Amino acid sequence: MSFFLEVLIGGLLAGVMYSLVALGFVLIYKASGVFNFAQGAMVFFAALTFTGLQEAWQLPLWLAFVLTLGVMVGVGIATERVVLRPLVNQPQITLFMATIGLAFFIEGVAQLVWGTNIRRLDLGLQDEPIEAVMERFNLLVSKFDLVAALVAGALVTVLAVFFNKTRIGRALRAVADDHQAALAVGIPLKQIWAIVWSVAGFVALVAGLLWGARNGVQFALTFVALKALPVLILGGFESILGAIVGGLIIGAAEKLAEVYLGQYVGGGIEGWFAYALALLFLLIRPEGLFGERHIDRV
Amino acid sequence: MFYREAGQFKTSYATDQQIFPIRQDRIAMAVLLAVAFVAVPLAASPYWLTAILIPFLTFSLAAIGLNILTGYAGQLSLGSAAFMAVGAVAAYNFEARVPGMPLLGSFVLGGLTAAGVGVLFGLPSLRIKGFYLAVATLAAQFFIPWLLVKVSWFSNDSTSGAISTQPLEIAGWLADTPTEKYLLVLTIVAVMALVAKNLIRSATGRAWMAVRDMDVAAEVIGIRIVRTKLTAFAVSSFYCGVAGALYAFANLGSVQPEDFNLDLSFRILFMIIVGGVGSMAGSFLGAAFITLLPIALDLLLTDGAAAIGLALPPGVASMAQLVVFGALIIFFLIVEPHGLARLWQIGKEKARLWPFPY
Amino acid sequence: MAPQRHIGDVMLSLEHISLAFGGVKALTDIGFDVRDGEIRAIIGPNGAGKSSMLNIINGVYQPTEGRIVFEGREYRRMDPHRAASMGIARTFQNIALFKGMSVLDNIMTGRNLKMRSGLLAQALYVGPNRREELVHREKVEHIIDFLQIESVRKTPVGRLPYGVQKRVELARALAAEPRLLLLDEPMAGMNLEEKQDMCRFILDVNDEFGTTIVLIEHDMGVVMDISDRVVVLDYGRKIGDGPPDEVRSNQAVVDAYLGVAH
């Protein structure tokens, strides 16, 4: 039983990290209707820039963070200007394909600038069991996982509040609903989009730091985004809450499946299990857990 | 020579329904086929044949497959490579396990197997659209190669997972030189391209495009959405499957599911974006472009660097390739969403009016 | 009206139709019938539920309550494919053409239900399929002639002006040789000349092919001129039904259109 709990908790904590990446997708989708496939590349780019800056000039963590944040905001704004603004009013699929191109571009540039070596990212957190929990409940819970989950949870909460309670948040939702109408009531569309892409860059940075510290900063970080996609399908593309719950479900189910199911099929199922789960779910509820159902008017 | 259609009157609907209603286009096509079938085998070096022309033709076929699904039927797929893998592995197994199986029979059966798997993974398209579906096809991309590796029966229980393909032998004729392989691939691709064009100009193709452009209206005039979408998945996967078999048998000489990864799927998607979504010619143009680009870029960078006395660190060329691919995709989507095929079309229209601007 | 027009028995009747989206009631207990060969108009202010009514007739929406009787057979609900195969065709309020296809291909899709060639015959484009394509092409060319859109037959519909697109959409519906034609605001957004053309086409279709027509229209002049009977909806309820003259003098209808202090 305690083993089951360990797996479950480990899965849930990893799930929060998925939520964090999924959140970047949801933010941009809500505000501009773009499904940003390049989010994973942005995570990779952020982590690589952070470690690169840190190593090059021996910067303290906070300074490297601030500088990288500046770079990511720049990347976000540049993306909005160069890629998405010329494609306004194009079909969503076109925008989606453009972000696939963007992903390739960012991945290439990141490695041209910083090289292809795997880098270590040390945030001063150890991946070791928390002793108190170990003694009290006899459960192995990683300190790193817990802190990462707390950070992710805090970020998600802040963004949820920002989106739902502030004036900018309301403007964002209006923009997501109808560009033209939002423009007509005087919402400054371009600034809003710039803000969203900056925030997405910020989320990518946090995700990049956490994932990078855990797995090393390497090309495989871009695959984290591929993990976030089933989370989105499960949770619905438009729901912050969905990203969180979806992440938890996927994280837990994936770990449990790998441990209890993997042995029967020869392992390695984490590559697709989340997708299979999401797909099954889609057949039951195509708009996701918290997605909005639209009525087609003809 | 003038590119004019003036004076070419059509007296029946049959002549108006031809693939190339304009005489000059028919002549150009005949010349192109003659060059491909006669001049190229005589002139091309083995390097050109194996490194450029055979891959180009193979990818053209895969691009046609994806274009049927995405360009004509409007269902975005990121799993083309997975269906290619199914075709390759199935063709290998039919050839290996059925005694006396002719090679082309294995290819067709491989394609049909891929079609079946394609329909299975196309089922979600009945409930979901757009990038929800794109993400669903990623499931195929991750699951299928995994399954093909895990179940050792598929690779004939070979320990390494890599298996060599059987020789390309058709009715006693063994295609083992680059030229012979090229001719075999060319013939298959040419026939299948014609078949695809026929489907597209018939009721099936119109149903695909109708569903792509406006599914509610399509349903209202009596087009069965379910059947139309699944047919698109089946035909598209058949093409990808045969392309996969050709890739394994005529390009690589081995079947390794790992070769059919997400990267290959993206590459094929790029071919149709650059070449032209919803265009047969675009499939070929895009495949040519994406096949040639890395080679050209590599030459340019290595030679360019050598010319100024620099040795490039390893990996720079492949990174530069990512950057150029990415930039090109964005460029085409913004500037010419209909790709090279549209540019070609515009060129032809200009030629029709030349030397007058209007 | 031309004397040879023959209006027959009831072809379609809608009984106690209600439709709700979530909690919002779009239609409440509506009943009316359509006779074979007549031109039946549905009018009413915006949001009265006119388009919803058409959507129920050809199965795009499923009624929450009520039933549909078409040619003596009773249906709890329609589905679009069955409606199409029974000979119900329609056009849409916001043009629903296939933007990426040529005019010719758009109209050819209207004949899809009548084409029988299998996938393999189409792939090879030989024999029966080739002949079938040509037979249908000829029928389609008749419709193209009839609606006077010969000059644009190879043009992608996206490039055509609005009025012509409306005509192409009518052509596509006609290509199915429908027994019942549903037209959702066929004249919306047209100038006077285009309206006159469209009116003539509608009357000709009704006259020459005997097609029964149900149309939604805002232009009262047009409705009163060309329709045999009129149904009036307001806030999802039926408030009037009868010949144009009778409806025009109906107090409830006048109130609905001019507004009245309740």
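Residue numbering note: each chain is counted from 1, following its sequence as written. Chain letters start at A and ligand numbers start at 1, both assigned in the order the entries are written. For a predicted model such as this one, the threshold for reporting local features is a pLDDT of at least 70, and the threshold for listing and counting side-chain atom pairs is 80 or more; totals across whole chains, interfaces and linings nevertheless cover every residue.

Caption draft 1: Molecular detail of the overall build of chain A. Summing up its helical and strand segments, chain A has 13 helices and zero strands in all. A helix here means a DSSP run of H or I that spans at least four residues, while a strand means a run of E at least two residues long, and both kinds are numbered starting from the N terminus. Listing the helices and strands of chain A from first to last along the sequence gives α-α-α-α-α-α-α-α-α-α-α-α-α. A globule of 298 residues ought to have a C-alpha radius of gyration of about 19 Å, and chain A, at 19 Å, matches this closely. Residues are scored as being in contact if the C-beta atoms we place from backbone atoms lie within 7 Å. For chain A, restricting intrachain contacts to residue pairs at least 6 apart in sequence, the fraction spanning at least 24 positions comes to 75%. Our radius of gyration looks at C-alpha atoms and nothing else; its globule reference is 2.2 Å times the residue count to the power 0.38.

Caption draft 2: Molecular detail of the confidence of the model for chain B. Looking at chain B, pLDDT values average 88 and 96% of them are 70 or higher. The ipTM value of the predicted complex is 0.89, and its pTM value is 0.90. Summary of the metric used: pLDDT quantifies the predictor's per-residue confidence within the range 0 to 100.

Caption draft 3: Structural view of the interface of chain A and chain B. With 36 residues of chain A in contact, the opposing surface of chain B contributes 33 residues. Elements supplying a minimum of two residues to the side of chain A that touches chain B: α4 (92–114), α10 (223–235) and α13 (273–284) of chain A. Of the residues forming the side of chain A that touches chain B, the biggest block, 16 residues, is contributed by α4(A). Residues are sorted three ways: Asp, Glu, Lys and Arg are charged, Ala, Val, Leu, Ile, Met, Phe, Trp, Tyr, Cys and Pro are nonpolar, and all the rest, Gly among them, are polar. Across the side of chain A that touches chain B, the residue classes break down as 25 nonpolar, nine polar and two charged.

Caption draft 4: Representation of the interface of chain B and chain C. Contacts between the two partners involve 26 residues from chain B, matched on the other side by 34 residues from chain C. Of all the elements in the fold, those that place two or more residues in the side of chain B that touches chain C are α1 (13–16), α7 (178–200), α8 (203–213) and α9 (215–220) of chain B. Examining the composition of the side of chain B that touches chain C, we find that eight residues originate from one element, α8(B), more than from any other. For the side of chain B that touches chain C, the residue count by class is 14 nonpolar, seven polar and five charged.

Caption draft 5: Molecular detail of the sheet that holds strand β2 (residues 24–35) of chain C. Residue and element names in this part refer to chain C. The antiparallel open sheet is built from four strands, whose spatial order is β2-β1-β4-β5. With one partner strand each, in any of the chains shown, β2 and β5 (73–75) form the two edges of the open sheet. Direction aside, neighbouring strands of the sheet carry axes that sit 15° apart on average. Here strand β1 (residues 10–21) runs beside strand β4 (residues 65–70); their pairing, made up of five bridges, is antiparallel. Following the sheet pairing, S18 is matched in β4 by E65. For two strands to be treated as a pair, DSSP must find at least two bridges joining them. In this description, a line fitted to the C-alpha atoms serves as the axis of each element, helices being fitted only across the stretch in contact, and the angle between N-to-C directions of two axes falls anywhere from 0 to 180 degrees.

Caption draft 6: Quick peek at the packing of helix α6 (residues 143–165) of chain A against helix α9 (residues 189–215) of chain A. Residues and elements named next belong to chain A. Close contact between α6 and α9 brings their axes to 11 Å; oriented N to C, the two are set at 175°. Considering the angle they form, α6 stands roughly antiparallel to α9. Contact residues: α6 offers F144, A148, V151, A152 and L155, while α9 offers V203, V206, L210 and R214. Throughout this description, any angle smaller than 35 degrees is read as roughly parallel, any larger than 145 degrees as roughly antiparallel, any in the 65 to 115 degree range as roughly perpendicular, and the remainder as oblique.

Caption draft 7: Structural context of the sheet that holds strand β10 (residues 237–242) of chain C. Residue and element names in this part refer to chain C. Strand order in the open sheet made by the six strands is β6-β7-β8-β3-β9-β10, with mixed pairing throughout. Of all strands in the sheet, those with a lone pairing partner are β6 (88–90) and β10, marking the two edges. Ignoring which end each strand starts from, the neighbouring axes of this sheet average 15° apart. Here strand β7 (residues 180–184) pairs with strand β8 (residues 212–216) via five bridges, running parallel. Note that in β8 the partner of L181 across the bridge is I213. Against the sheet, helix α1 (residues 50–57) contacts β3 (39–43), β6, β7, β8 and β9 (229–234), and its axis sits at roughly 150° relative to β7.

Caption draft 8: View of the packing of helix α2 (residues 39–57) of chain A against helix α3 (residues 61–84) of chain A. All names here are of chain A. Packing of α2 against α3 leaves a shortest axis separation of 9 Å and a crossing angle of 140°. When you trace α2 past α3, the crossing you get is right-handed. Where α2 approaches α3, its residues M42, F45, A46, T49, F50, L53 and Q54 are matched on the opposing element by A64, F65, L67, T68, V71, M72 and V75. Within the contact of α2 with α3, the residues separate by chemical class into 11 nonpolar, three polar and no charged. Take the far helix as your reference; a near helix turned counterclockwise from it by less than a right angle gives a left-handed crossing, and one turned clockwise gives a right-handed crossing.

Caption draft 9: Layout of the nonpolar core. Buried Ala, Val, Leu, Ile, Met, Phe, Trp, Tyr and Cys residues whose C-beta atoms connect them within 7 Å together make up a nonpolar core. Counts of 20 or more other C-beta atoms within 10 Å of a residue's own C-beta define buried residues, counts of 12 or fewer define exposed ones, and intermediate counts define partly exposed ones; C-beta atoms are placed from the backbone. In terms of nonpolar packing, the biggest core is built from 279 residues, with V43(A), A47(A), V196(A) and Y239(B) touching the most fellow members. Here this core takes 17 residues from α9(A), the largest share from any one element. What marks off one domain from the next here is an automatic or database domain assignment. The residues that make up this core include at least three from each of domain 1 (1–87 + 179–262) and domain 2 (97–177) of chain C.

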